[in-house]
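Topology and contacts: notes
Below, each chain spelled out in residue letters.
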Amino acid sequence: MSWTATELEDVDAATVADDAGFAELGVPKVLVAALDQQGITSPFPIQSATIPDALAGKDVLGRGRTGSGKTLGFGLPMVARLANSDAAPSGAPGGVVLVPTRELALQVADVLAPLAKVMGLSTTLVAGGMAFGPQIKAFDRGVDIVVATPGRLIDLMEQGVADLSQVQVAVLDEADHMADLGFMTEVTTILDAIPVGGQRLLFSATLDRGVDRLVQKYLTDPVTHEVDGAKASVSTMHHHLLHVLPHDKNATTAAIANRDGRTVVFVRTQRGADRVADQLREAGVMAGALHGGLTQGARARILNAFKEGSVPVLVATDVAARGIHVDEVSLVLQVDPPMGPKDYLHRAGRTARAGNEGHVVTITLPHQRKLMRRLTGQAGVKVEPVQVRPGDELLSDLTGARTPANAPITEDAYQALIAPPRAIRKRGPRTKGWGRDAWDNERGGRGGRDRGRGGRSFHQRRPRD
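Residues numbered from 1 in each chain as written. Predicted model: local features only at pLDDT ≥ 70, side-chain atom pairs only at ≥ 80, totals over all residues. Heavy atoms only, no water.

**A short note on the confidence of the model for the protein**
On average, residues of the protein score 85 in pLDDT, and 86% of them reach the 70 mark or higher. Segment residues 424–465: pLDDT under 50, and 101 contacts once partners within four positions in sequence are set aside and those in other chains are kept. (pLDDT = per-residue confidence, 0-100. Contact = heavy atoms within 4.5 Å.)

**Considering the packing of aromatic side chains**
Counted by the stated rule, this structure contains one aromatic pair. Taken together, a centroid distance of 5.6 Å and an interplanar angle of 55° make the contact between Phe74 and Phe203 tilted. Taken as a pair, Phe74 in helix H3 (residues 70–83) and Phe203 in strand E6 (residues 199–204) lie far apart in primary sequence, 129 residues in all. For Phe74, a relative accessible area of 0% puts it in the buried group. (Phe/Tyr/Trp six-rings, centres within 6.5 Å; stacked < 30°, edge-to-face > 60°. Helix = DSSP H or I, 4+ residues; strand = E, 2+ residues; numbered from the N terminus. Buried < 20%, exposed > 50% of the residue type's maximum accessible area, 1.4 Å probe, protein only.)

**Examining the pairing of strand E3 (residues 123–126)**
Judged by which residues are buried, E3 turns out to be covered on both faces: Thr123 and Leu125 on one side and Thr124 and Val126 on the other are all buried. Note on the crossover from E3 through helix H5 (residues 132–141) to strand E4 (residues 145–148): the handedness is right-handed. (Right-handed = clockwise from strand over helix to strand, strands pointing away.)

**Brief notes about the nonpolar core**
Membership of the largest hydrophobic core comes to 45 residues, with the highest contact counts inside it found for Leu76 and Val97. Sorting the residues of this core by element identifies helix H1 (29–37), helix H2 (45–55), H3, helix H4 (102–118), E4, strand E5 (169–172) and E6 as the ones contributing at least two each. When residues of this core are assigned to their parent elements, the largest contribution, nine residues, is made by H4. Filtering out sequence-adjacent residues up to four positions away, Val97 remains in contact with Phe74, Met78, Val108, Leu112, Val146, Val147, Ala148 and Val171. (Core = buried A, V, L, I, M, F, W, Y, C linked by side-chain atoms within 4.5 Å.)

**Quick word on unusual backbone geometry**
Trans peptide bonds make up most of the peptide bonds, and negative phi angles are found at most residues other than glycine. Although it is not a glycine, Glu174 sits at a positive phi angle of roughly 55°. When you line up the elements, Glu174 lands in the loop between E5 and helix H7 (175–180).

**Concerning the sheet that holds strand E12 (residues 329–334)**
Strand order in the open sheet made by the seven strands is E10-E11-E9-E12-E13-E8-E14, with parallel pairing throughout. If you trace the sheet from one side to the other, it starts and ends with strand E10 (287–290) and strand E14 (386–387), each paired once. The pairing of strand E9 (residues 262–266) with strand E11 (residues 313–316) spans four bridges and is parallel. Note on E11: the bridge partner recorded for Thr263 is Val313. Contacts between helix H14 (residues 369–378) and the sheet are confined to strand E8 (237–243), strand E13 (358–364) and E14, with E13 contributing the most and set at about 150° to the helix. (Pairing = 2+ DSSP bridges. Axes fitted to C-alpha atoms, helices over the stretch in contact; angles between N-to-C directions.)

Structure, rendered in structure tokens:
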């Protein structure tokens, strides 16, 4: 995996009116113009709530579901404050954003880099599954903002590469997910290395699993803003509970997956993800599986094919789906019930993002009906179950389902879409530049600091991707 910062061209702040949406919040006009160039003109609720306080230098605790617009909520104030800082340039970063997964790190870096650039600031991405060399060079050149996963940043700190002694603004994004993945020790180590007295911005959907202790220890008199909290109250999200007979489940799944638009299908296990994706392709629906058993390179290519639309259906496990941050997902299909109400809300958060319409559909077999009544109630979802069969007009009306009529998709046709690019082989040690995160993540196991606990040993051979 590699990452290159994008740039915007011909940003003209003179065209920005004083009463423009973001300008009214206090965002510098050059940043407002940069947003305009990207088609972003009106702030979302979480942005309107948090940006003024963050620009004023206050610590902020933001609570909101994924897809609510948190990245600009912390990114715009961070860029603006660092650009106007009186601190003498040192080459060490002034801002750090910690996120739980590489995929989210890529997304956040893609959003922040062009905005930082127009303000004369540099951004670098630090994550496992990527070569150390470019990250080390970025710190050697000097960098203003670092977007990082916890494990890789600690690796660079231990090597004496990453100096956090000048950090003025620290952001924790999706703190509850970092806790779920077992990163709290790494997070506290990083926060302890950052000077006391700087600004802290913490965003999380919930305050459980130790997140509340982070708030108490590291945030000073935080201003709390909550948008779309721990219940499924998003007005653009529609929930459907489909009662299906066991022998109709596969055909119903295929018909819903064959709809127009991007669809994320949730299953509980890696084996289940592979099986459902295979069944969908056999039915003529282009689908790919995303789970932790794949190499990091394969996961990145499948997710990219999903974002581009060449693979419109993604079959994912709960852990792998934490990296799915695609605004255009219009339907989430739960083939297997979630483990609990929090998992239901996490799955649901893949759709109805950024103000878009979205549907959450759960296939429920007879023995699962009582379970789903309890889970939806605990998640704050009010939904009346309906009995459906493949080919029913009601099924089509609710989900856009269409009975597949295409020929089976061959394995060769699928692999052609997700094949790795041809690389020029270079001589030299195969292990050069590979650290703990990169090695374990390329193995596709759960090792490495940025994959949670357990997994394979670093001393195994690096496989080919």
